[in-house]
Amino acid sequence: MELIQQLVNGLSLGSIYALIALGYTMVYGIVKLINFAHGDVFMVGAFVGFYSITILELPFLPALLISMIVCAIFGVLIERIAYKPLRNATRIAALITAIGVSLLIEYGMIYIRGAQPEAYPNDVMPTSKIDILGVSISSQSLLIFFVAIVLMIILQFVVHKTKIGKAMRAVSFDADAARLMGINVNNTISATFAIGSALAGAAGVIFGIYYIKIEPLMGIIPGLKAFVAAVLGGIGIIPGAMVGGLLLGVIEALVSAAGFSLWRDGVAFVVLILILIFRPQGLFGKNKREKV
Amino acid sequence: MLKIEDINVYYGNIQALRGVSMDINKGEIVTLIGANGAGKSTLLKTISGLLKPKQGKVLFEGESIGGKAAQSIVKLGISHVPEGRRVFANMTVEENLELGAFLRKDKAGIKQDLEKVYTLFPRLLERVKQQSGTLSGGEQQMLAMGRALMARPRLLLLDEPSMGLAPLLVKQIFNIVEEINKGGTTILLVEQNANLALSIADRAYVVETGSIVLSGEAEELTASEEIKKAYLGGH
Ligand SMILES: Nc1ncnc2c1ncn2[C@@H]1O[C@H](COP(=O)(O)OP(=O)(O)OP(=O)(O)O)[C@@H](O)[C@H]1O
Ligand SMILES: [Mg+2]
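Cut-off values and rules
- The residue numbering used here restarts from 1 in each chain and proceeds along that chain's sequence as written.
- Numbering of ligands from 1 and lettering of chains from A proceed in the order in which they are written.
- It should be noted that, the model being predicted, local features are given only for residues of pLDDT at least 70 and side-chain atom pairs only at 80 or more, the latter also being counted only at that level, while totals for whole chains, interfaces and linings use all residues.
- Hydrogens and waters are ignored; side-chain quantities use all the structure's heavy atoms.
- UniProt positions are given in the numbering used here, feature names are shortened, and annotations may be inferred rather than shown by experiment.
- Both cavities and pockets are sets of points on a 1 Å grid over the protein atoms alone; in a cavity a 1.4 Å probe fits but cannot get out, in a pocket the set is open with protein on both sides within 12 Å along at least five of seven lines, and lining residues sit with an atom within 4 Å of a point.
- Grid points are joined across faces, edges and corners, and a volume is the space filled by probe spheres set on the points.
- Per the convention used, a helix needs a DSSP run of H or I reaching at least four residues, while a strand needs a run of E reaching at least two, with both numbered from the N terminus.
- Residue type decides the class: Asp, Glu, Lys and Arg count as charged, Ala, Val, Leu, Ile, Met, Phe, Trp, Tyr, Cys and Pro as nonpolar, and the leftover types, Gly among them, as polar.
- When DSSP finds two or more bridges between two strands, those strands count as paired.
- Only C-alpha atoms enter the line fits that serve as axes; for helices the fit covers just the stretch in contact. Angles between N-to-C directions range over 0 to 180 degrees.
- In what follows, a contact means two residues having at least one pair of non-hydrogen atoms within 4.5 Å.
- For Na, K and Ca the donor cutoff is 3.2 Å, while for all other metals N, O and S atoms count as donors only within 2.8 Å; water does not appear among the atoms, so some sites may look incomplete.
- Exposure classes here rest on a 1.4 Å probe applied to the protein chains alone. A residue is buried below 20% of its type maximum, exposed above 50%, and partly exposed in between.
- Angular relationships are summarised with four words: roughly parallel below 35 degrees, roughly antiparallel beyond 145, roughly perpendicular across 65 to 115, and oblique for the angles in between.
- Working definition of a nonpolar core: buried Ala, Val, Leu, Ile, Met, Phe, Trp, Tyr and Cys residues. They are joined through side-chain atoms within 4.5 Å.

The name that an unreviewed UniProt entry assigns to chain B is ABC transporter ATP-binding protein, with the source organism given as Peribacillus asahii. UniProt annotates chain B under Sequence similarities (unreviewed entry) with the comment "Belongs to the ABC transporter superfamily."

The name given to chain A in an unreviewed UniProt entry is Branched-chain amino acid ABC transporter permease, and the organism recorded there is Peribacillus asahii. One UniProt comment on chain A, placed under Subcellular location (unreviewed entry), says "Cell membrane". Its UniProt record gives chain A a comment under Sequence similarities (unreviewed entry), which states: "Belongs to the binding-protein-dependent transport system permease family. LivHM subfamily."

Novice: Give a detailed account of the layout of surface pockets, specifying residues and quantitative values.
Specialist: All names here are of chain A. When its volume is computed, the second largest pocket comes out at roughly 580 Å³. Forming the walls of the second largest pocket are 26 residues, and the residues nearest its centre are V31, K32, L86, R87 and N88. Counting only elements with at least two residues in the lining of the second largest pocket, the list comes to α1 (2-31), α3 (60-83), α4 (91-113), α6 (163-173), α7 (175-180) and α8 (185-211). Classifying every residue of the lining of the second largest pocket gives 16 nonpolar, 4 polar and 6 charged.

Novice: Give a description of the sheet that holds strand β10 (residues 211-217) of chain B that names residues and reports values.
Specialist: All names here are of chain B. Across the sheet, 6 strands lie side by side as β6-β7-β8-β3-β9-β10; this open sheet has mixed pairing. Each of the sheet's edge strands pairs with one partner strand only, and the pair in question is β6 (78-81) and β10. The average undirected angle you get between the axes of adjacent strands in this sheet is 15°. Its contacts with the sheet place helix α1 (residues 40-48) against β3 (29-34), β6, β7 (155-159), β8 (186-191) and β9 (203-208), and it is angled at close to 150° to β7. Contacts from helix α7 (residues 167-182) reach β3, β7 and β8 within the one sheet, and its direction differs from that of β8 by about 155°.

Novice: I'd like a description of the coordination of the magnesium ion (ligand 2), backed by residues and values.
Specialist: All names here are of chain B. Only S41 (OG) and E83 (OE) from the protein coordinate the magnesium ion (ligand 2), and they sit 1.9 to 2.1 Å from it. With S41 in helix α1 and E83 in the loop between β6 and α3 (93-100), the pair connects residues that are 42 residues apart, well separated along the chain. Judged by relative accessible area, which is 15%, S41 ranks as buried.

Novice: Can you tell me about the packing of helix α5 (residues 139-161) of chain A against helix α10 (residues 238-257) of chain A, naming the residues and giving the values?
Specialist: When two helices pack together, their arrangement is given by the angle between their axes and by how far apart the axes lie. All names here are of chain A. Here α5 crosses α10 at 170°, and the two axes come no closer than 11 Å. Judged on the interaxial angle alone, α10 and α5 are roughly antiparallel. Contact residues: α5 offers F145, M152, L155, Q156 and V159, while α10 offers I238, P239, M242 and L246. A class-by-class count of the residues in the contact of α5 with α10 yields 8 nonpolar, 1 polar and no charged.

Novice: Any details on the nonpolar core? Residues and values, ideally.
Specialist: Membership of the largest hydrophobic core comes to 93 residues, with the highest contact counts inside it found for L19, L22, Y83 and I183 of chain A. Tallying contributions element by element places α8 of chain A first for this core, with 14 residues. In contact with L19 of chain A, not counting residues within four places along its chain, are A148, L151, M152, L199, A200, A203 and I206 of chain A. One finds I33, F121, I176 and L221 of chain B within the second-largest nonpolar core, a separate group that totals 44 residues.

Novice: Give me the lowdown on the environment of G285 of chain A, citing residues and values where you can.
Specialist: Residues and elements named next belong to chain A. Within the secondary structure, G285 sits in the segment after α11 (264-278). Take G285: its relative accessible area is 8%, and that puts it in the buried class. Between the C-alpha atoms of G285 and I153, which are 132 residues apart in sequence, the distance is 21 Å. Sequence-distant contacts of G285, defined by excluding residues within four places in its chain, comprise G233, I237 and R279.

Have a look at this one:
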């Protein structure tokens, strides 16, 4: 029974990783950039949610929405100011810029509000225990899991059924061919940053509710782990990020459950090394085969 | 319809087109022939807005399009079927065709054009739900052409539609090009297969290392000794 509880914890944590990993993977898919500032957008989302709940006294859903909107705008600003001018530069230049943006956001946040942590109020969501087949599961983990799944379903719908989603897939496959269809590549890239950042913002709020404590450097570790999740699923592949995130959460929970909780943070990187050695294209990645 | 005046186009510091001028009249099939690396694809990319001329003018129906973004040029009525097809291999045939109509809002017209494309290329209809990456080379060429037609272009740019196809299929593709032209679409056709291109074209331009070295009626050029030697295999 302990095991099932750990599994549920793993899925909740994994859904947070998955939401962040989606942003990594979508952005990589479209501009081939690992946006290392993405974990910091998650942090900003957690703070926006926190202030919405405490200062604006909003309930969960409106706070979640505000955080998503603010992060979407923030993500687009980062792209327009920092990455767009480097679109034709070398990859390493863009990567170094991403690390610079990440540090700027982290220490900018500390400069603005100080380094002290905050605690999410614990009455944002009902915290009852639900008994399912003799296993007691916190309603919070279920709700978190549920919110994440709903967001992922909405994302799938957007990517496959809407015009902007089709444009995103076209640009990530072949930007010049997309231009020839009349697709505005710059706007499509901005939309991708907006959607990815909104998901990271949502992950930030969910994280705050689940783990209570938030602080300006909180994005680093979940950001790195979500990156591992994205690579695990196959970078650039949306369902891969979802499955990779959930899987990583479950692996971490099981490692803890097996009594190696000190290894919890390390296991993600063991996974990264293993995947890079044995299946660098990720679980969902295909070996590229192109017709001439 | 299209008027190109003395354009120079560069890739970084490398000059790919030198003082190229060209005219295309409404309703024509004009072909552009030349050896590998002559600058044929560069010229098409400049017309469709993927590249910008450093000097010179590109006018489409009197409007200057030389500095315009590719997506606005599509809207004006120029569609480009790029070299190597460039279909979206991760999407189905149907999704590719839908993307061709990306800028259009007239649902009824789109549906009508979709049917037209399926009549022109029945093979595509049999494969609507197939991932386009799994199509054969010839089917991908049909898809790339169909996708371009979905924008309802008035000028269609075709870059080596026969590349890598079996002779029978090449024949079929060329028949379809003629059919598209008869439907009222003006065509600029880039080809390595000069014989075939000249046989369906009204006029032709010959490019060598970035410059137009010859132009004229297709029949004239077919008869010219110079062309025969250089491009028609000397028959
Ligand atoms: N992206 C690029 N960067 C630098 N140079 C390029 C680029 N693309 C083409 N070129 C150069 O420009 C010149 C013209 O190329 P282009 O592709 O227009 O030739 P082409 O006539 O279409 O040849 P082919 O018949 O082989 O398709 C060539 O010398 C080529 O090397
Ligand atoms: Mg070419």
